[in-house]
Structure formats: structure tokens, C-alpha cells
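Survey of secondary and tertiary structure
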Amino acid sequence: MNAVSKRFVLSLGLAVSVAVPSFAQQAHAGNLTGHAADGKKLYRRYCIGCHGPLGDGNGENAQWIDPKPRDFTAATFKCRSTPTGTLPTDQDLYNSVGRGFTNSNMPHWDALTNQNRIDLVAFIKSFSPRWTTEKPGDPIPIPPEPAITMQSITHGAELFQKMECWKCHGQQGRGDGPSASTLTDSKDNPIRPYNFAAGADDSRFKCGVTNQDVYKIFITGVDGTPMPSFADVIQPNDAWDLVHFLRTLQTNRHSKENDVLKAAGGKIPTKAPDAPANTDNKGSGGGN
Amino acid sequence: MPAKQLFLVALAIMVSPALLLGAGTVSGKVTYTGTPAKQKTIDMSKEPSCAKQHPTPITTETVVPGARSSLENVVVYISAGAPDEPNAPAQAVTFTQKGCQYIPHVLAMHTSQELKVVNDDQTSHNIHPLAKINREWNKSQPPGTPPLSAKFDKEELIAVKCNVHPWMHGYFAVLKTTHYAISGDDGGFMLPDLPPGKYTITAWQEDYGTQTQDVTISGNETKTVDFTFKAKPY
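Reading the values: the criteria
- Residues numbered from 1 in each chain as written.
- Chains lettered and ligands numbered in written order.
- Predicted model: local features only at pLDDT ≥ 70, side-chain atom pairs only at ≥ 80, totals over all residues.
- Helix = DSSP H or I, 4+ residues; strand = E, 2+ residues; numbered from the N terminus.
- Buried ≥ 20, exposed ≤ 12 C-beta atoms within 10 Å, placed from the backbone.
- Pairing = 2+ DSSP bridges.
- Axes fitted to C-alpha atoms, helices over the stretch in contact; angles between N-to-C directions.
- Core = buried A, V, L, I, M, F, W, Y, C linked by C-beta atoms within 7 Å.
- Contact = placed C-beta atoms within 7 Å.
- Arc of directions from axis to C-beta.
- Nonpolar A, V, L, I, M, F, W, Y, C, P; charged D, E, K, R; others polar.
- Domains from an automatic or database assignment.

With that out of the way, let us pick up the overall build of chain A. Looking only at helices and strands, chain A has 12 helices and 2 strands in total. Beginning at the N terminus, the succession of helices and strands in chain A can be written as α-β-β-α-α-α-α-α-α-α-α-α-α-α. Out of the 288 residues in chain A, the part that is buried amounts to 36%.

Hydrogen bonds between backbone groups are what pair the strands of a sheet, and the pairing can be parallel or antiparallel. Residues and elements named next belong to chain B. The strand order across the open sheet built from 5 strands is β7-β13-β12-β9-β10, with neighbouring strands paired in mixed fashion. This sheet does not close on itself; its edge strands, each paired only once, are β7 (106-110) and β10 (139-141). The average angle at which neighbouring strand axes cross in this sheet is 25 degrees, direction not considered. Here strand β9 (residues 125-129) runs beside strand β12 (residues 156-161); their pairing, made up of 2 bridges, is antiparallel.

What follows deals with the nonpolar core. Ranked by size, the top nonpolar core spans 49 residues in total, and within it B:Val74, B:Val75, B:Val76, B:Phe172 and B:Ala203 carry the most contacts. Residue assignment for this core shows that the elements contributing at least two residues are β1 (24-33), β4 (75-80), β7, β8 (115-119), β13 (169-175), β15 (188-194), β16 (197-205) and β19 (227-230) of chain B. Non-local contacts of B:Val74, meaning those with residues more than four positions away in its chain, are made with B:Val30, B:Ile182, B:Ser183, B:Ala203, B:Trp204 and B:Gln205. Of all hydrophobic cores here, the second largest spans 27 residues; its members include A:Ile153, A:Val214, A:Met227 and A:Ala239.

Residue and element names in this part refer to chain A. Buried within helix α2 (residues 36-46) are the following residues: Ala36, Gly39, Leu42 and Tyr43. All buried residues of α2 project into a common sector of 115 degrees when viewed along the axis, lining one side. Every exposed residue of α2 that faces more than 90 degrees away from the buried side is listed here: Ala37, Arg44 and Arg45. Buried residues along α2 sit in contact with β2 (32-35), α3 (48-51) and α5 (114-124).

Counting from both sides, the interface comprises 19 residues of chain B and, opposite them, 22 residues of chain A. Going through the elements one at a time, β9 and β10 of chain B are the ones with two or more residues in the side of chain B that touches chain A. The element that contributes the greatest number of residues to the side of chain B that touches chain A is β10(B), accounting for 3 residues. Here the side of chain B that touches chain A is composed, by residue class, of 6 nonpolar, 9 polar and 4 charged.

All names here are of chain B. Residues of β8 alternate between two faces, with Leu115, Val117 and Asn119 buried on one and Lys116 and Val118 left unburied on the opposite face. Two elements, strand β5 (residues 93-97) and β8, share 5 bridges in a ladder whose sense is parallel. By the bridge assignment for β8, phenylalanine 95 is matched with valine 117. Both β8 and strand β11 (residues 148-150) contribute to a ladder of 3 bridges, which runs antiparallel. Counterpart to leucine 115 in the pairing with β11 is alanine 150.

Another aspect to go through is unusual backbone geometry. Of the consecutive residues A:Asp66 and A:Pro67, the connecting peptide bond is found in the cis state with omega at 0 degrees. Looking at where A:Pro67 falls in the secondary structure, it is placed in the loop between α3 and α4 (90-99). For the bond from B:Ile103 to B:Pro104, the omega torsion is 0 degrees, close enough to zero to count as cis. Within the element layout of this structure, B:Pro104 appears in the loop between β6 (102-103) and β7. Its identity as a non-glycine residue notwithstanding, B:Ser69 has a phi of 60 degrees, on the positive side. Position of B:Ser69 among the secondary structure elements: in the loop between β2 (64-65) and β3 (71-72).

By convention, interface size is frequently given as the accessible area that disappears when the constituent parts associate. Residue and element names in this part refer to chain B. Along its sequence, chain B is organised into domain 1 (20-82 + 180-234) and domain 2 (85-178). Taking only C-alpha atoms, the centre of domain 1 and the centre of domain 2 are 19 Å apart. Among the secondary structure elements, those contributing two or more residues to the side of domain 1 that touches domain 2 are α2 (48-51), β4 and β14 (180-182). Partitioning the side of domain 1 that touches domain 2 into residue classes produces 11 nonpolar, 4 polar and 3 charged.

On to the domain arrangement of chain A, then. Residue and element names in this part refer to chain A. Domain annotation of chain A identifies domain 1 (23-133) and domain 2 (150-271). Spacing between the C-alpha centres of domain 1 and domain 2 amounts to 26 Å. With 14 residues of domain 1 at the interface, the matching set in domain 2 holds 16 residues. Residue composition of the side of domain 1 that touches domain 2, grouped by class: 5 nonpolar, 5 polar and 4 charged.

Printed below as a string of C-alpha cells:
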């Protein structure tokens, strides 16, 4: 080994040994790099009142708040791009800080710069050792969205029945299904299923406003709540059909889905309950 | 003489795997004193496909008392003394949802052993292990979907629930040892294949908590270790 390569190896080793311990204290989203030390100051100013000095969601305001502030020591997060039971990506947390949580006391932090937000993400990760022992899950890939058609909406409505979404969300998506009143989150606090029909034109989902965000909610599940992941049981294209149907449950919100439904007469055709089992085979039009 | 020596060597070779595995046994019975809380009858009328599977409505299984004050569904395992077994058994354990009930109510498994979750019902369930040391997850399992596979790699007693059917409660006992047993309907349990040594035996009941006892095993003896829990009347 010559002197140059020796030095290279030595400096590489140094770089690794320095970089690894501090990696958990950093967060990355796009071109931004957040630093926990900077995030700590921001946290003490903006977040501590609800999330508490220990990050366990027991800040002095927490007793007045429902739903309760997130407990960062559990490292369980609702809005993720990653599978149920895995850590979210830094980008997921960064998006949550900026977006806020509708129907909760968590505002969208417009007053903070992008750099502030990513610094906070870096600091939030210091509350749980999971960030040093586990890696975030691999984001679940989302295929391109197909055209919004009556066929897609109708198939989505069938899935809503088949997957029994209505057990909690109700047949009209009003959050009044037979199990709705019994639901509790993982800390045994009562929790309501999402009411699609509530809200006006600006009504939005907890984890974002785009159709991709809706797709992610039921595919990844909302960890820490009764909402499970359907990643293993709904195929990617079927998932888009369900997204298109769910949009039609937001009756007060203007959407392409509602336009398509209105143009088709406003009614989703239902399959006859006694339809023969081979209907699907005829419809697919192919042989074996 | 050489023939006899050869015989002894052969005997030693034959016996040594048994010695390695251990031939000692701890067996006993789990009982309670006092009056256990009356279990609640479960109303499944909101899920007719399950309700009709139970001509006599079932009750909650938080405490399952049997004849002669025996206590069922108690996890009994070696919590100290046995070396941690790094390798999980190849055979998976199965947790079945049938009639909107978990079968078994308490399922023990080794860390990293494969767990299969089966839905035998005509309704969707969501399997939601409320893990705190392992990762909490929550997955939907509609009727007719294949068994779901999972693993937990840290020792933990994990409550499991189905949010759709709030009466469904169960437990996963994830252990670092394969020396475990769940007490049967007579309260009995048996921990076989123990090499000689000093062990701590832990018994855990979901409502009554844990108890431990120390026991020393020498040779291939069977030692009796009984556990008695004080019932909570409410």
C-alpha cells in the first residue's frame, strides 16, 4: 500500500467514524440538511408547549387537546410513505411539519422556513433510540394514476364494500359505521373514523390533499390508530379505483371525480347482490 | 474387558445427545384463590356471520378459570438460567381468527419464529399487535386472503386487537426461549428437555401479572412447581 492510498484509507476511516454517530442527529429532505442542535432551539420555542420537554406528547397544553399531541418517544407516526410498522422517511416528517394535521391542534407551520422545519425533524428523531437502531422503511411505490372514469369509480365502490371500509367509515363515508363508536387509538383514547362528507370545498385528508396522499393513507395505514394497512390485500391499480371512489364521498368538495359522477347521472351502478359468480370472467373478455 | 469398554463408550455416545438436550422436567399446575371477576358475555349481533357460529354466546377470556380452581391460558416459561436460544424453530406458529375470536387466545412463540395469521371468517379483520418494544403494526385481512406472515425479534408480551370487532383481544408471548408452555384447561403445564441447572420459572397471566419461582434440576428428575394467583374480584 503506498503512502497516498494509506492516507486515503485513514481519512476515509476517520470520515466514517465521525459521520456515523452524527448521522442520527441529521435529517434530509431534497437539498436540505437539518441539524438537531438547531432544531432543539426551535422545538423549545414552538413545539414544547404541546409535545413536552421529553417529546412524549405531555406538554402543558396537552391536557386540553384532542387528539393528543404526538409522542415522539414511541416513534410511531401516522403519515408515512413507508409500510406499517416501519419508521417514516425524513421527507414524510418534514411534510407533516409543513402541512399540519387537519382536525387537530397541530397547525401548518407557515411561519417556519424550510430550513427550520428540517432542523426540527432532525431534533424530533433524538427522542427515540429507534432512529439509531432502525432504518426508515422503503417507500411504497405508487404507479401513475389512471384516468378518472365511471368504471374506475364503480370498481372503487365495490372495493369499499369488499374491504369493509364501511364498518368504520359508514356506507356514505360519514364516519358512522357500526364499529365507529368503539374505536380507540393505541393509547386507548377514543378516536373517530374520517368523515368524508364533512367539510366544504377545502376539506382535506389528514395526510395531504393530493390523490397520491389518499392512496398512501390506506396502503400504508395510519399507525397508532385503528386504520390498518391494505398494502397486502389491494392491488396497485385497484387502489387507484378506490381513491377515485373515496373522492366522490367528499360530496361538498369540487373534484374531477365528482364531475365524472355528475355527468354520468350522479349514481354509481351497484352490482345486483345475487349476480352470478362468473360475471367477472365475462367482463374480462379474455380466455384462459 | 475391551468389549465391555467398547460397550460403555458406545453407550456414552448414544446417551450424550440426550444429556445435551436435557432430560429434566418441570411440571405443575396453575391455580387461583379468591373469586375471579365474572367474564362478560360478548354481543356479536353487529357481525351476524360470527354470531351464528356461537349458538351459546361466548364470553371474554381475560381470566379462564376451570374446575378445582385451575387457571387456563397462563404462560409459563424459563426466564433465567437457560441460555438464550438464538435460532427460532423452523415450524411457524398459527394464530387463527374464527367466529370473531382469537384461537388460541394466548399464543407463545420464539423471537424471530414465523407467525402465521389466518382469517377463517367471512368478514374482514384487522390484526393490530400493540407492541411497545417491537414495532406496532396494523394490517387488514379481508375474507379469503392468504395467511399473513410476521416476526417479532424482541422478547415482549404483546396485546393484540381487532379494531373492527372491539371484543377481540389476545396476546402474543414472544420469548427468547423455546422452554415455554401455556396452562391447559386443568391448569397443568410441563417444561420438558431441561439440562441440569438452576432456573427461574415465570408464570404470566394477562390480568394477574407475573410470578416467579426458582428451581434446580439435576439429572433426569421431574420437579413440581405450582403457581397460585390471587384473583381480582372486579
